[in-house]
Amino acid sequence: MFSLVAVNHLAVKHCEQIFGIMAGSAWRSMLTQVVGGTVRRCTLNSVHLSKGMQTVTLIPGDGIGPEISSAVVKIFQAANAPVSWEERNVTAIKGPGGRWMIPPDAKESMDRSKIGLKGPLKTPIAAGHPSMNLLLRKTFDLYANVRPCISIEGYKTPYTDVDLVTIRENTEGEYSGIEHQIVDGVVQSIKLITENASRRIAEYAFEYARNNQRSSVTAVHKANIMRMSDGLFLRKCREVAESYKDIKFTEMYLDTVCLNMVQDPTQFDVLVMPNLYGDILSDLCAGLIGGLGVTPSGNIGANGVAIFESVHGTAPDIAGLDLANPTALLLSGVMMLRHMGLHDHAHKIQKACFDTIREKKVLTKDLGGNSKCSEFTADICRRVQDLD
Amino acid sequence: IVVYGGRHTVTLIPGDGIGPELLNHVREVFRFSCVPVDFEVVHVNSALETDDDMNNAITAIRRNGVALKGNIETKHTLPASVKSRNNVLRTSLDLYANVMHCQSLPGVQTRHKNIDIMIIRENTEGEYSSLEHESVSGVVESLKIITRNNSLRIAEYAFQLARDKGRRRVTAVHKANIMKLGDGLFLQCCKEVASGYPDITFDSMIVDNTTMQLVSKPQQFDVMVMPNLYGNVVSNVCAGLVGGPGLVPGANYGRDYAVFETATRNTGKSIAGRNIANPTALLLASCMMLDHLELNDHATSIRNAVLTTMNETRLHTADIGGQGTTLEVVQSIMRIIQSKGQLTSEF
């Protein structure tokens, strides 16, 4: 059987001969069309070896981070996922010139592997350096935050059948950090919207929709009030939509989205929006399916780096007590496997996880049970092996 | 407030979408109940670029002191210099407090029960300052302004209202971990005002956590105070939780003027002219207006009739799962008013 790499190369050569070198996404779409459905889609620049192991940089994090990370590693092993982990620490260090940066070995590992899985990081107060999440975002230009929110069968919330994805622009907008006190008692915060960042996130959203068989993309905005800034964002979304006629494009005011979301979340598919609205909406949607303890998240960078993470806190009060719930990190790992094209493994692990939750026999405390993290993990491992 | 010969004059702005038809129903109910209010109607054409219509409307409200309005559409095809008319109205009249009371209604089917939240939203500054510029081509800055004066003012309003209504807790919603100066100032002002109200508990919550809490446990909230944009998000989430945009009334209060409308300010273009819109929100808003004019008996009579139709007769429009038309609901309300034995006109 051809290795997928060989098939990819043949297809590429075929394309190049006939069409010449084409740019970016046009080439990638052509690639998948020529080779057909047997090719696992390569998202962005991730080329993978089908037979060999792929390296992933693992950042366990703080608090409950290490224990949930090792739970995920165990489950991946039980599933025979072709992933080899490179564990790295991410604490801010002062580089030459006095600028804060992440440790060079962490950066080197991530630049090489292009894929990362990260646990929760402590937010430093008065540590003198910015938050690690911010540093990571700047180092790898993580411009898109992606959160798929799917109702977990067996974990009851007032909302069922939620199946949507929020895609949030993660570099500018209201979080540009540019604030100043003009005169005593008057503060001005600047929201920055640029053409390039808006176009980039819109392109990612439509590309994601296409690659994941989603049928519509909705731009969320407040262009009635912020005519110029959100107006620019909206215009870019409309322009990009022209190149993706197969995906339905709609626009909706932020308040209307909130209003409709809590009444009927099934009407939404993929949502794309600037930073602040994305922050609020992605957490709102996480609330619909059960909270941050069960919600996966991925961050996509400009040069092919993708870091998947759990977005809950470090829970220092239960750290080291084998009580933590690894679901969020595990589902982020599943998202990661899909990004890497390892759909079978992703499906197996997700199914095992959902089955364990549905059975309600070994749930951690936050899910309503009183089992240990290790028991929960062992149950998933067992199911994963049985699924083989 | 203008009273002449015992009759009040109130400015009425029909707006777009479902505004005109629903406000006609309000006038009909008022006429039927012999409410001593005359409406001075001012039209605002949202398709025009000029400000004349809005200036007329604002002058009329200054003259009468009180207004009832539908939402005015903001057309995106007009240049960005044409600001949202609704926003212009709020800032020109300095209607600094937007107040919304979200309560679960027994007759309406919702996922969450026993919700009773008062939302007080700063209504004039914050992200709605309409101060934007394109520094270079493709780079736009939008300014969010937070001032000490307005933050103190809205916090004061919130705590005073909480005390007047016997509420026990005020929660400030913010994002001060990211917007340290702006939301930090807002939070600081809330804390200062809170210290003057030791009988009321004060706490704060970050806006993204707030929305998550609202969709899982909304019963934990009592009174909430926040800057403009978060107010937009939170009020729409709460309206959705209790049954939708057709149910909740809203009020905009300034020192000298008061304007009443639906809480979520929707134009409802897609359902306009089809006799299916829910008249509840605007009717309840008109009752809030009557209370403001100290016509409390009329306010209570109409409000009770609206709630009886909602909770006992259960005549519902489509947005809350029923099959009644707007007219049927309004007529039911009028019948109930008549049955209580008060003075009414003919149907």
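About the thresholds
- Residues numbered from 1 in each chain as written.
- Chains lettered and ligands numbered in written order.
- Predicted model: local features only at pLDDT ≥ 70, side-chain atom pairs only at ≥ 80, totals over all residues.
- Heavy atoms only, no water.
- UniProt positions renumbered as here; feature names shortened; annotations may be inferred.
- Salt bridge = Lys/Arg side-chain N within 4 Å of Asp/Glu carboxyl O.
- Helix = DSSP H or I, 4+ residues; strand = E, 2+ residues; numbered from the N terminus.
- Buried < 20%, exposed > 50% of the residue type's maximum accessible area, 1.4 Å probe, protein only.
- Phe/Tyr/Trp six-rings, centres within 6.5 Å; stacked < 30°, edge-to-face > 60°.
- Contact = heavy atoms within 4.5 Å.
- Core = buried A, V, L, I, M, F, W, Y, C linked by side-chain atoms within 4.5 Å.
- Buried area = accessible area lost by both parts, 1.4 Å probe.
- Polar contact = N/O pair within 3.5 Å; in protein donor to acceptor, adjacent residues only side chain to side chain.
- Nonpolar A, V, L, I, M, F, W, Y, C, P; charged D, E, K, R; others polar.
- Pairing = 2+ DSSP bridges.
- pLDDT = per-residue confidence, 0-100.

For chain B, an unreviewed UniProt entry supplies the name Isocitrate dehydrogenase [NAD] subunit, mitochondrial and the organism Gouania willdenowi. Checking UniProt for chain B, the heading Subcellular location (unreviewed entry) contains the comment "Mitochondrion". Looking at the Sequence similarities (unreviewed entry) heading of the UniProt record, one finds this comment for chain B: "Belongs to the isocitrate and isopropylmalate dehydrogenases family."

Under an unreviewed UniProt entry, the name given to chain A is Isocitrate dehydrogenase [NAD] subunit, mitochondrial, and the organism recorded is Gouania willdenowi. UniProt, in its Subcellular location (unreviewed entry) section for chain A, records the words "Mitochondrion". Recorded in UniProt under Sequence similarities (unreviewed entry), the annotation for chain A is "Belongs to the isocitrate and isopropylmalate dehydrogenases family."

Caption draft 1: Quick peek at the pattern of salt bridges. All names here are of chain A. Scanning the model with the defined rule gives 45 salt bridges over all chains in all. Here Asp279 makes a salt bridge to Arg168, at a shortest N to O gap of 3.7 Å. On the criterion of sequence distance, the pair formed by Asp279 in helix H9 (residues 275-289) and Arg168 in strand S7 (residues 163-169) is long-range, its members being 111 residues apart. Here Asp279 matches Arg168 in class, with each residue buried. Taken together, the salt bridges that share partners define one network made up of Glu86, Arg88, Glu108 and Arg112.

Caption draft 2: Broad picture of the packing of aromatic side chains. Overall, the coordinates contain 11 aromatic pairs over all chains when judged by the stated rule. Between Tyr143(A) and Tyr204(A), the aromatic rings sit 6.3 Å apart at their centres with planes inclined by 90°, giving edge-to-face as the arrangement. In this pair, Tyr143(A) is assigned in strand S6 (residues 142-150) and Tyr204(A) in helix H6 (residues 195-211), connecting sequence segments 61 residues apart. Both residues of the pair, Tyr143(A) and Tyr204(A), belong to the buried class. Taking the centre distance of 6.3 Å and the plane angle of 25° together, the rings of Tyr157(B) and Tyr253(B) count as stacked. One end of the pair, Tyr157(B), is in helix H4 (residues 148-164); the other, Tyr253(B), is in strand S12 (residues 249-253), with 96 residues separating them in the sequence.

Caption draft 3: Layout of the environment of Leu232(A). For Leu232(A), the location among the structural elements is in helix H7 (residues 229-242). With near-sequence residues (within four places) excluded, Leu232(A) lies in contact with Ile193(A), Thr194(A), Glu195(A), Arg227(A), Gly138(B) and Val140(B).

Caption draft 4: Region of the structure containing the nonpolar core. Among the nonpolar cores identified, the biggest contains 68 residues, and Phe76(A), Ile167(A), Val272(A) and Ile349(A) are the most heavily contacted of them. Residue contacts for Ile349(A): discarding those within four places in its chain leaves Ile75(A), Phe76(A), Ala79(A), Leu330(A), Val334(A), Leu337(A) and Val384(A). Core analysis: the next-biggest nonpolar cluster, separate from the first, contains 66 residues, Phe39(B), Ile146(B), Ala162(B) and Val170(B) among them.

Caption draft 5: Looking closely at the interface of chain B and chain A. Taken together, the contact between chain B and chain A spans 57 residues of the former and 50 residues of the latter. Around 4,400 Å² of area is buried between chain B and chain A when both sides are counted, 63% of it from carbon and sulfur atoms. Area buried by chain B at its contact with chain A is led by His76(B), Arg111(B) and Met212(B), which between them contribute 15% of it. Put simply, chain B and chain A have 23 residue pairs in polar contact (both at pLDDT 80 or more) between them. Taken together, the elements giving at least two residues each to the side of chain B that touches chain A come down to helix H3 (85-92), strand S7 (132-136), strand S8 (139-147), helix H5 (182-194), helix H6 (207-216) and helix H7 (228-242) of chain B. Looking at the side of chain B that touches chain A residue by residue, the class counts come to 24 nonpolar, 20 polar and 13 charged.

Caption draft 6: Expanded view of the pairing of S6(A). All names here are of chain A. Within S6, eight of the nine residues are buried, which leaves the element mostly enclosed by the surrounding structure. Across four bridges, S6 lies against strand S13 (residues 296-301) in antiparallel orientation. Looking across to S13, one finds that Ala144 is bridged to Ile300.

Caption draft 7: Spotlight on the confidence of the model for chain B. Predicted confidence across chain B gives a mean pLDDT of 95, with 100% of residues reaching 70 or more. Model confidence for the complex: the whole-complex pTM is 0.89, and ipTM, which rates the interface, is 0.93.

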